[in-house]
Amino acid sequence: MEHQVFVPVPADDLRAVLRDPARVARCVPGLQQDADTGSGPLAGRLKVRVGGHTVTYRGALSLTERDPGRFAVEGEGTEVRGNGAVKLSLTLRLTPVEDGTRLDFTTGGAADGRAAAFTPQATATAVRRLLDRAAEQLAAVAVAEVSDPVADAEDAADAEDAATAEDAQDTGRDGSGDEVTEVSASVFDTDVPPPSLDPFLESEFTDLGDLGAGRPPAEAAHARRTMIGRSAEEVDHAPPRGRYAPVPAPAPTAAGDSLRWIAPAAALALASAVVLGRALRRRR
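Residues numbered from 1 in each chain as written. Predicted model: local features only at pLDDT ≥ 70, side-chain atom pairs only at ≥ 80, totals over all residues. Heavy atoms only, no water.

**Notes on the confidence of the model for the protein**
Definition in use: pLDDT expresses, on a scale from 0 to 100, how confident the predictor is about each individual residue. The contact criterion used throughout is that any non-hydrogen atoms of two residues lie within 4.5 Å.
Here the protein averages 75 in pLDDT, while 61% of its residues score no lower than 70. In this model residues 175–183 is a low-confidence stretch, pLDDT under 50, and it forms two contacts with partners more than four residues away in sequence or in other chains.

The structure is reproduced here in structure tokens:
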């Protein structure tokens, strides 16, 4: 099968990517590289979707440069879940054209297992889709390598630093720059104003006019003085004092406290009556 794809990238940039197997691995859609680096960057798992079926193969690819503008790809793999195997061969030719490069693919292969049951039309559609995605990835990797964002950021930072240094030199040479004096005073040397919780500690009201002047009651002033230096929680929960202090409720008295004296009084009255009656009888 033959297939052509156009990419707006120069052929030299694409050729530089194809000569690096590590960057070629980034161009294979769906490739999951093996953790074992000894097998190479183009070894791992590849998931292929054909029609409504998905098959995962484990294998490896090899890329060889035949000519400055022609590369050969050989690969083989086995099904992860099954006994099927697949072998492929691909030839890629880079042809410089106006505003980019034309990629000419020539593919061939043999397969058994699940892949053998697919129709030729479904297989061709899946291969074309895979090659289109690979060409897009190849162009993206080549463009990313040409324009290095890290290098661009470093160059911009160097240019900004050079401009800042030139401005500083011009300012010092002209003598028009603002002089900055060093601040040596400490925050602990700053005068702290008196607290405003008690305005009557230092002065009195003298301009009250007809409203009358004078200090507030001693209880209120004492309450304000005691609140200075205390936390808000203590002030909120502190009981009021002076005239604003709550009146304690009278202690409840039980009924038994008043009735416990009735029995002795009744006994005393009865004994007095008996003694008085006996005295009156003796006189008679």
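**Let's talk about the pattern of salt bridges**
Under the convention used in this document: Salt bridges are defined by distance alone: a side-chain nitrogen of Lys or Arg within 4 Å of a carboxyl oxygen of Asp or Glu. By definition, any uninterrupted DSSP run of H or I lasting at least four residues is a helix, any uninterrupted run of E lasting at least two residues is a strand, and each is numbered from the N terminus. When accessible area is computed with a 1.4 Å probe and restricted to protein chains, residues below 20% of their type maximum are described as buried, those above 50% as exposed, and intermediate ones as partly exposed.
The tally for this structure, following the rule as stated, stands at six salt bridges. Between Arg 19 and Glu 65 there is a salt bridge whose closest N-O contact spans 3.0 Å. Taken together, the residues span a long stretch of sequence, with Arg 19 in the loop between helix H1 (11–18) and helix H2 (21–25) and Glu 65 in strand S4 (residues 53–67) at a distance of 46 residues. Using a relative accessible area of 33% as the deciding quantity, one classes Glu 65 as partly exposed.

**What to know about the sheet that holds S4**
Put simply, the test is: Strands were regarded as paired on the criterion that DSSP finds at least two bridges between them. Lines fitted to the C-alpha atoms define the axes, with helices restricted to the stretch that makes contact. Angles between their N-to-C directions range from 0 to 180 degrees.
In spatial order, the strands read S1-S7-S6-S5-S4-S3-S2; together these seven strands make up an open sheet with antiparallel pairing. In the strand order of this sheet, the two ends are held by strand S1 (2–7) and strand S2 (31–33), each with one partner. Taken over all neighbouring pairs, the strand axes of this sheet differ in orientation by 30° on average, direction set aside. Bridge count between S1 and strand S7 (residues 100–111): six bridges; the pairing is antiparallel. What sits directly across from His 3, in S7, is Phe 105. Its contacts with the sheet place H1 against S1, S4, strand S5 (70–79), strand S6 (85–97) and S7, and it is angled at close to 150° to S6.

**Side note on the environment of Gly 40**
For Gly 40, the location among the structural elements is in the loop between S2 and strand S3 (43–50). For Gly 40, a relative accessible area of 22% corresponds to the partly exposed category. Along the sequence, Gly 40 and Ala 22 sit 18 residues apart, while their C-alpha atoms lie 8.6 Å from each other.

**Looking at the nonpolar core**
What tends to happen in soluble globular proteins is that the nonpolar side chains get buried as a cluster. Rules: Nine residue types can take part in a nonpolar core, namely buried Ala, Val, Leu, Ile, Met, Phe, Trp, Tyr and Cys, and a core is a set of them joined through side-chain atoms within 4.5 Å.
Counting 25 residues, the largest nonpolar core has Leu 14 and Leu 103 as its most contacted members. Only S1, H1, H2, S5, S6, S7 and helix H3 (120–146) provide two or more residues apiece to this core. Here this core takes six residues from H3, the largest share from any one element. Once residues within four sequence positions are removed from consideration, Leu 14 is found in contact with Val 7, Val 9, Leu 94, Thr 101, Leu 103, Leu 138, Ala 139 and Ala 142. Counting six residues, the second-largest nonpolar core is a separate cluster that includes Tyr 57, Ala 115, Phe 118 and Ala 126.

**Some remarks on the side chain of His 3**
The condition that has to hold: Pairs of N or O atoms are called polar contacts if they sit within 3.5 Å, as long as, within protein, a hydrogen donor faces a hydrogen acceptor (for residues adjacent in sequence, only side-chain-to-side-chain pairs).
Mapped onto the secondary structure, His 3 falls in strand S1. Within polar-contact distance, the side chain of His 3 engages the side chain of Asp 132 at 2.7 Å. Filtering out sequence-adjacent residues up to four positions away, His 3 remains in contact with Leu 103, Asp 104, Phe 105, Arg 128, Leu 131 and Asp 132.

**Re the pairing of S3**
As paired strands, S2 and S3 are joined by three bridges and run antiparallel to one another. Bridge pairing in S3 places Gln 32 opposite Arg 45. Bridging between S3 and S4 involves eight bridges; their strand directions are antiparallel. Bridging from a neighbouring strand, Leu 46 pairs with Tyr 57 of S4. In sequence, S3 turns back onto S4 through a hairpin of two residues, with Gly 51 there showing a positive phi of about 65°.

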